[in-house]
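Close look at the chain arrangement
In case you want the letters, here they are:
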Amino acid sequence: MAGKGIDWTREEHILAFNLYCKIPFGSIGMRNPQIIQLAKIIGRSIGSVSYKLANFSRLDPELRARGIKGMPRGAKGEEDVWREFEDNPEALAFESERLLAKFTGKKLEEIAEIDERELPKEGLERERMVRVRVNQHFFRTAVLSAYDYKCCVTGLAVPDLLVASHIVRWADDKKQRMNPRNGLCLNALHDRAFDRGLMFVSKDMTVHFHEKLFKSEKKSPGLDWLLSYEGKTIVEPRKFKPDIELLTIHSVKWTSKILC
């Protein structure tokens, strides 16, 4: 086990950041089994790992604005990893999952819950698909955990019915693909409406729907339920608050189009 006062390595910092992204902010405590497991695999005390995760919160601008500052003195390694993720989130996310597989002795596909039957047997195409699926799994986990696994519009808390919805689409901005602040936790129906530009979230975090839905002649209980959330304020996450600039890009993109 690493002795007290021994500096954390870059790999250890990346693994701690990986877990910070994957568990709800209120779960960063010494009784969390995931924290206990990480402490075991890297040879650190449970308290040390818990403090390390809490310390990453000081680098989140939204948490800092709410007075959550972590420990008085953070480590440079935390800042370096946070900056790496901001500069190249796809690379850092993939590396963090690769390291997790290495330290736990598991296959990368297992870490990302990939059904290997859906992959080519070998070659560059398999490697490409694995990288994409690994990063998609990381993004989903980071976004859903930020919202405590609850739809930010309805409060629905059934993970199988929740989607980590990109604000700016995956294909539209490579740098934002893995940014948790480019995500909303939505139920499948509201996700579909958001993805099609039929729902928006304004900079004051309220929900709005495209006027064509209100003018629809095909009224139904399902549509009435969907539209009942017009003007409601989303439940904001305790970390990785959605980026206002990205929300604006989403709404401007779709309101400038004529939807058929």
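For the structure given in this document, a descriptive report is provided here.

Calculation criteria
Residues numbered from 1 in each chain as written. Predicted model: local features only at pLDDT ≥ 70, side-chain atom pairs only at ≥ 80, totals over all residues. Heavy atoms only, no water. Core = buried A, V, L, I, M, F, W, Y, C linked by side-chain atoms within 4.5 Å. Buried < 20%, exposed > 50% of the residue type's maximum accessible area, 1.4 Å probe, protein only. Helix = DSSP H or I, 4+ residues; strand = E, 2+ residues; numbered from the N terminus. Contact = heavy atoms within 4.5 Å. Axes fitted to C-alpha atoms, helices over the stretch in contact; angles between N-to-C directions. Parallel < 35°, antiparallel > 145°, perpendicular 65-115°, else oblique. Nonpolar A, V, L, I, M, F, W, Y, C, P; charged D, E, K, R; others polar. Phe/Tyr/Trp six-rings, centres within 6.5 Å; stacked < 30°, edge-to-face > 60°. Lys NZ or Arg CZ within 6 Å of the ring centre and 35° of its normal.

A few words now on the nonpolar core. Within the largest apolar cluster, 71 residues are counted, with the highest numbers of intra-cluster contacts made by Tyr 20, Leu 53, Val 153 and Leu 184. For this core, the element with the highest residue contribution is helix H8 (residues 124–146), accounting for eight residues. Setting aside its immediate chain neighbours within four residues, Leu 184 contacts Val 143, Tyr 147, Cys 152, Val 163, Ala 164, Ser 165, Ile 167, Phe 194, Val 201, Ile 234, Pro 242 and Leu 247.

Our next topic: the packing of helix H1 (residues 10–22) against helix H6 (residues 89–104). Where H1 meets H6, the closest approach of the two axes is 9 Å, and the angle between their N-to-C directions is 105°. What the angle tells us is that H1 and H6 run roughly perpendicular. Seen from H1, the contacting residues are Arg 10, Glu 11, Ile 14, Leu 15, Phe 17, Asn 18 and Lys 22; seen from H6, they are Leu 92, Glu 95, Ser 96, Glu 97, Leu 99, Leu 100, Lys 102 and Phe 103. In the contact of H1 with H6, the residues fall into seven nonpolar, two polar and six charged.

This brings us to the packing of aromatic side chains. Following the criterion strictly, the structure yields nine aromatic pairs and no others. Ring centres of Trp 225 and Tyr 229 lie 5.6 Å apart, and the angle between their planes is 80°; on these two criteria the pair is classed as edge-to-face. The class of Trp 225 is partly exposed, set by a relative accessible area of 37%. One aromatic cluster is present, built from ring pairs that chain together Phe 17, Tyr 20, Phe 56, Trp 82, Phe 85, Phe 138 and Phe 240. Geometry around Phe 94 places Arg 131 over its ring, the cationic atom sitting 3.9 Å from the centre. Seen from the ring of Tyr 20, Lys 239 lies directly overhead, with NZ or CZ sitting 4.6 Å from the centre.

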